[in-house]
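For reference, the chains in residue letters:
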Amino acid sequence: MLSAVPVAALDPNDPDAGAVAHYGEPAREQRLLDTAAGLVDRSHRGVLAIPGEDRLGWLHSLTTQHLTGLAPYSGSELLVLSPHGHVEHHAALTDDGAATWLDTGDAPGLLQFLERMRFLMRVEPAEVTADWALLSIVGPQTDEALIALGVGPLLPPDLLAVPDAKFATGSVPPRPTVVYSAAALPGGGWVRRMSYGADLLVPRPTVPEVVEAAGVPLAGIWAFEAMRVAARRPRAGFETDHKTLPAEVGWTAPAVHLEKGCYRGQETIARVHHLGRPPRKLVLLHLDGIATDELPARHTPVTLEGGERPVGFVGTAVRHYELGMIALAVVKQNLTPDSVLRVGPSTAAMDPEQ
């Protein structure tokens, strides 16, 4: 039997404290997700369910995504922005024809926002994290696991190209910027195809039988995060702060529809897209002279060599089984791969393939 090491045993204040960090061999688990397939229990992630016939039009009006034409058993991503266009919430979504499901890192905060915006709409948003668990199958052999579950293979994500920086021509694409194919699971819930594999939402009592039916080894959240960092995928609350713009962290392509109708923060989104680059950018850093137990904490300042003023911050730092010590960071737009950076006492270099 695998020996699970919970994140809480390592750091009870970690945002992933409800997950399993690893099952004894973190490097082997990373290789598994990178070259084959593994199953990661992400059931500490919050889940909202929104039934009601107005749900898609309502979410369309409140968020950055185009959702009015979303077909049953498909999914996408969305953002909730502040009036000034800063990211407040990110969520992945799936609609099953009767309800829209959102999985997010801040379910209570997002639910509070949605409850304030209900007015007279026929929607009933509720947090259902206690009843539903999110699992992720990660790796190039994901389709084999989906076939074993009786729901695969599924089509890969369908991503629209970001339009040129010009004003709308009157032709509005009647679909989300990214569409994830989905299907119902035989025991209840759904599976949604993702760029890294697939997400499954299942009733919590059925988790053991779903894991057994998938027929792939288990991997911990450390391995999932290492793959995420290497793939340069941002995570809300990690690669974001109170002034993050979607374009700074690469969320324009999957989560922002640039030619849909009005929503909160749209003016800033349009201004950044049409008039120039955002002030910051997401980069991959290689960290030098640092031990595993000394990885920089979330939001550790990044400075220039010889300087004291921050030029950015670290989001997530991990030990990758091939790349070594790496981190995602948000830094000033004018920095180049030649810039010599420091993260705490360690030197850092931007990956040249940014």
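Presented here is an overview of the structure given in this document. (Residues numbered from 1 in each chain as written. Predicted model: local features only at pLDDT ≥ 70, side-chain atom pairs only at ≥ 80, totals over all residues. Heavy atoms only, no water.)

### Some remarks on the side chain of threonine 104
Within the secondary structure, threonine 104 is located in strand 7 (residues 99–104). Threonine 104 gets classed as buried once you look at its relative accessible area, which sits at 1%. At 2.9 Å, the side chain of threonine 104 forms a polar contact with the backbone oxygen of histidine 90. (Helix = DSSP H or I, 4+ residues; strand = E, 2+ residues; numbered from the N terminus. Buried < 20%, exposed > 50% of the residue type's maximum accessible area, 1.4 Å probe, protein only. Polar contact = N/O pair within 3.5 Å; in protein donor to acceptor, adjacent residues only side chain to side chain.)

### Structural notes on the pairing of strand 16 (residues 301–304)
As judged from the three bridges shared by strand 16 and strand 17 (residues 310–320), these two strands associate in the antiparallel manner. Each bridged residue has a counterpart across the sheet, and for proline 301 the counterpart in strand 17 is phenylalanine 313. In sequence, strand 16 turns back onto strand 17 through a hairpin of five residues, with glycine 306 there showing a positive phi of about 85°. Where strand 16 and strand 19 (residues 341–343) come together, three bridges link them in antiparallel fashion. Looking across to strand 19, one finds that valine 302 is bridged to valine 343. (Pairing = 2+ DSSP bridges.)

### With respect to helix 6 (residues 207–214)
Along helix 6, the residues classified as buried are Val207, Val210, Val211 and Ala214. Projected down its long axis, helix 6 shows its buried positions confined to an angular sector of 100°, all on one face. Opposite the packed face of helix 6, turned more than 90 degrees from it, sit the exposed residues Pro208, Glu209 and Glu212. On its buried face, helix 6 is in contact with strand 3 (38–41), strand 9 (132–138), helix 5 (142–148), strand 13 (197–203) and strand 14 (218–219). (Arc of directions from axis to C-beta. Contact = heavy atoms within 4.5 Å.)

Shape is all these values report; function is a separate question.
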